[in-house]
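# Fold and contact review
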Amino acid sequence: MDGLLTFMGTGTSMGVPTLGCDCAVCTSADPHDRRLRPSVLLKWHDPGEDGRERFVVIDTGPDFREQALRAKLKHIDAIFYTHGHADHILGLDDLRPLSFTAFRENGPIPLYASPETTKVLERVFDYTFSPHATYPNRARLRLEPLEERTTVHGVEFLRIPLMHGKMEISGFRFGRTAYLTDVSGIPEASFALLEGLDNLIISALRQEPHPSHATVKQALGWARRTGARHTWFTHIAHELGHEATNRELPEEVRLSYDGLSFPVSL
Ligand SMILES: [Zn+2]
Ligand SMILES: [Zn+2]
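Residues numbered from 1 in each chain as written. Chains lettered and ligands numbered in written order. Predicted model: local features only at pLDDT ≥ 70, side-chain atom pairs only at ≥ 80, totals over all residues. Heavy atoms only, no water.

## Quick word on the coordination of the zinc ion (ligand 1)
Taken together, the protein ligands of the zinc ion (ligand 1) are Asp-87 (OD), His-88 (NE2), Asp-182 (OD) and His-235 (NE2), with distances of 2.1 to 2.2 Å. Taken together, the 4 donor atoms surrounding the zinc ion (ligand 1) define angles of 91 to 167° at the centre, an arrangement classified as irregular. (Donors = N, O, S within 2.8 Å, 3.2 Å for Na, K, Ca; no water. Tetrahedral: all angles 85-135°; square planar, octahedral: opposite > 155°, others 65-115°.)

In structure tokens, the structure reads:
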């Protein structure tokens with residue numbers, strides 16, 4: 001089955017341009033250097049339901065509303081969360097209007113998250129998830145435990161355990177594509193889940209080391225080890241200019257950019 005993957009945001013937690021910064025990348029005229037907070041959208045035609053379009057989003061950061069408008073997103077079937085940091089969850093409340101429509105049709109939108117991420121979502125959005133929540137216009141969302149494998153309308157999402165500093169977080173594989181953001185380490189056992197990839201999407205923050213994010217060099221090393229046919233960097237900081245960085249990378253490795261879209265096998 002074929003799907004379409006779209007990058008809704010490819011920037012690091014502060015976004016690019018970064019507030020108050022006058023560096024060459026933050027003031028660049030190249031639209032590829034404008035990066036919203038990281039998120040991807042996967043779309044496919046449901047073979048079980050007359051080819052109805054299905055939409056899954058990974059992470060809803062603070063730019064989610066703007067990203068959903070750009071992508072002309074009118075419907076969401078499920079959301080997967082990588083972890084509970086602000087740049088990955090703070091747009092959750094903007095799901096409200098889409099959740100009202102989904103609720104009328106099939107009930108609340110399922111959100112798949114690890115126990116740690118679920119705890120953060122319940123705390124930050126207690127007015128949505130608390131059993132005592134009374135706000136009538138709260139989002140219609142349903143927190144679901146993230147299992148090793150989750151199937152959404154015929155597409156299987158495999159959880160890939162990753163390290164983000166000292167914290168274990170989740171990456172996802174669907175078909176021959178994997179989305180691994182906020183990575184600082186890949187546990188040995190996770191490499192076995194990353195064999196035979198057409199597309200590896202992996203975070204590469206900058207050239208200088210960071211305690212909880214991979215450098216370009218580290219990400220390149222992991223990309224080589226997986227043997228993925230194509231590698232796309234994401235969660236990119238303002239130290240990396242789009243054109244200049246791409247010139248230095250091997251041909252099969254590219255920086256992704258907001259709005260980039262390509263077909264994927266599911
Ligand atoms: Zn992040
Ligand atoms: Zn800057």
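## Considerations on the coordination of the zinc ion (ligand 2)
For the zinc ion (ligand 2), the full set of protein donor atoms is Cys-21 (SG), Cys-23 (SG), Cys-26 (SG) and His-238 (ND1), at a range of 2.1 to 2.3 Å. Viewed at the metal, the 4 donor atoms of the zinc ion (ligand 2) are separated by angles of 102 to 116°, and the geometry they form is tetrahedral. Each donor residue of the zinc ion (ligand 2) belongs to the same chain, with the gaps between them written as C-x1-C-x2-C-x211-H. Taken together, the residues span a long stretch of sequence, with Cys-23 in the loop between strand S1 (2–9) and strand S2 (39–46) and His-238 in the loop between strand S12 (230–234) and helix H8 (242–248) at a distance of 215 residues. (Helix = DSSP H or I, 4+ residues; strand = E, 2+ residues; numbered from the N terminus.)

## Digging into the sheet that holds strand S14 (residues 261–265)
The 7 strands lie next to each other as S6-S5-S4-S3-S2-S1-S14, forming an open sheet whose pairing is mixed. Edge positions in the open sheet fall to strand S6 (141–145) and S14, since each of these has one partner strand only. Going across the sheet, the axis of each strand differs from the next one's by a mean of 25°, ignoring polarity. As paired strands, strand S3 (residues 52–58) and strand S4 (residues 78–80) are joined by 3 bridges and run parallel to one another. (Pairing = 2+ DSSP bridges. Axes fitted to C-alpha atoms, helices over the stretch in contact; angles between N-to-C directions.)

Shape is all these values report; function is a separate question.
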